[in-house]
Amino acid sequence: MNHSCQTSICIDKPQLSKLSQSMYMSGLYKQTEEEKLYPERPLYRTEYGRMTWKVLHRIAAMYDKNPSEGDKKLMLETFKGVSLHFPCEECAKHFQKEIEVDPPKVEDNKSLSKWLCIQHNNVNKRLGKELFNCENVDSLIFEYQL
């Protein structure tokens with residue numbers, strides 16, 4: 001993790017234990033100083049990441065089945081732009097390296113959805129999270145087109 005970053009986008013959201021949740025519900029939970037000062041605070045890295053993945057999967061699912069060369073170039077630039085401008089510097093650098101090693105597959109929505117699923121699994125593996133089944137591309141596309 002980049003320890004020089006001082007914004008919430010660089011830290012994972014603290015997880016409340018079951019005990020903490022019950023304390024929170026009973027009114028025994030004490031707000032943190034951050035929550036008091038910034039009730040509408042920016043997102044934590046985990047929250048931002050989860051939403052970004054949903055948007056990227058939706059973009060991949062809605063991508064054309066037969067894109068023009070111009071659309072392919074724009075899609076490549078879209079993923080490159082996300083990797084360069086993602087607010088979490090550590091995440092951005094990881095994604096830049098992944099794109100360099102395995103560029104987005106922009107032939108059609110199926111190849112892009114599968115590529116993105118694999119990228120998502122690379123991140124999940126690094127974070128010790130559950131992996132997705134990237135083989136059934138049609139179900140991935142269906143899930144994110146809704």
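These notes cover the structure that comes with them. (Residues numbered from 1 in each chain as written. Predicted model: local features only at pLDDT ≥ 70, side-chain atom pairs only at ≥ 80, totals over all residues. Heavy atoms only, no water.)

### Re the side chain of Asn-121
Stage number 1. When you line up the elements, Asn-121 lands in helix H6 (residues 109–127).
Stage number 2. Setting aside residues no more than four positions away along its own chain, Asn-121 makes contact with Leu-131, Phe-132 and Cys-134. (Helix = DSSP H or I, 4+ residues; strand = E, 2+ residues; numbered from the N terminus. Contact = heavy atoms within 4.5 Å.)

### Looking at the packing of aromatic side chains
Stage number 1. Going through the model one piece at a time under the given rule, you end up with five aromatic pairs.
Stage number 2. Measuring from centroid to centroid gives 5.2 Å for Phe-79 and Trp-115, while their planes differ by 80 degrees, and the two rings are edge-to-face. Of the two residues, Phe-79 is situated in helix H4 (residues 69–85) and Trp-115 in helix H6; the sequence distance between them amounts to 36 residues. Like Phe-79, the residue Trp-115 is buried in the burial classification.
Stage number 3. Residues Phe-95 and Trp-115 carry aromatic rings whose centres are separated by 6.2 Å and whose planes lie at 40 degrees to one another, so their mutual orientation is tilted. Highlighted residues: Phe-95 in helix H5 (residues 89–101) and Trp-115 in helix H6, separated in sequence by 20 residues. The same class applies to Phe-95 as to Trp-115, namely buried.
Stage number 4. An aromatic cluster is defined as three or more aromatic residues linked by ring pairs; in this entry it consists of Trp-53, Phe-79, Phe-95 and Trp-115. (Phe/Tyr/Trp six-rings, centres within 6.5 Å; stacked < 30°, edge-to-face > 60°. Buried < 20%, exposed > 50% of the residue type's maximum accessible area, 1.4 Å probe, protein only.)

### Quick word on the pattern of salt bridges
Working definition: two side chains of opposite charge can pair if their charged atoms are close together.
Stage number 1. Across all of its chains, the model carries five salt bridges by this definition.
Stage number 2. Across the pair Lys-72 and Glu-69 runs a salt bridge, and its minimum N-O distance is 3.2 Å. Residue Lys-72 and its partner Glu-69 are both found in helix H4; the two are separated by three residues, about one turn of the helix.
Stage number 3. One salt bridge connects Glu-135 with Lys-114, and the closest N-O pair in it is separated by 3.3 Å. Of the two residues, Glu-135 is situated in the loop between H6 and helix H7 (137–145) and Lys-114 in helix H6; the sequence distance between them amounts to 21 residues.
Stage number 4. Overall, Glu-135 belongs to the exposed group, its relative accessible area being 58%.
Stage number 5. Residue class for Lys-114 comes out partly exposed when judged on its relative accessible area of 28%. (Salt bridge = Lys/Arg side-chain N within 4 Å of Asp/Glu carboxyl O.)

### Topic: the state of the cysteines
Disulfides are covalent bonds that connect the sulfur atoms of two cysteines.
Stage number 1. A complete count under the given rule lists one disulfide for this structure.
Stage number 2. Across the disulfide, Cys-117 is cross-linked to Cys-134 (sulfur-sulfur distance 2.1 Å). Taking the sign of the torsion about the S-S bond as the criterion, the disulfide between Cys-117 and Cys-134, at about -80 degrees, is left-handed. Of the two residues, Cys-117 is situated in helix H6 and Cys-134 in the loop between H6 and H7; the sequence distance between them amounts to 17 residues. Accessibility assignment for this pair places Cys-117 and Cys-134 in one class, buried. (Disulfide = S-S within 2.5 Å.)

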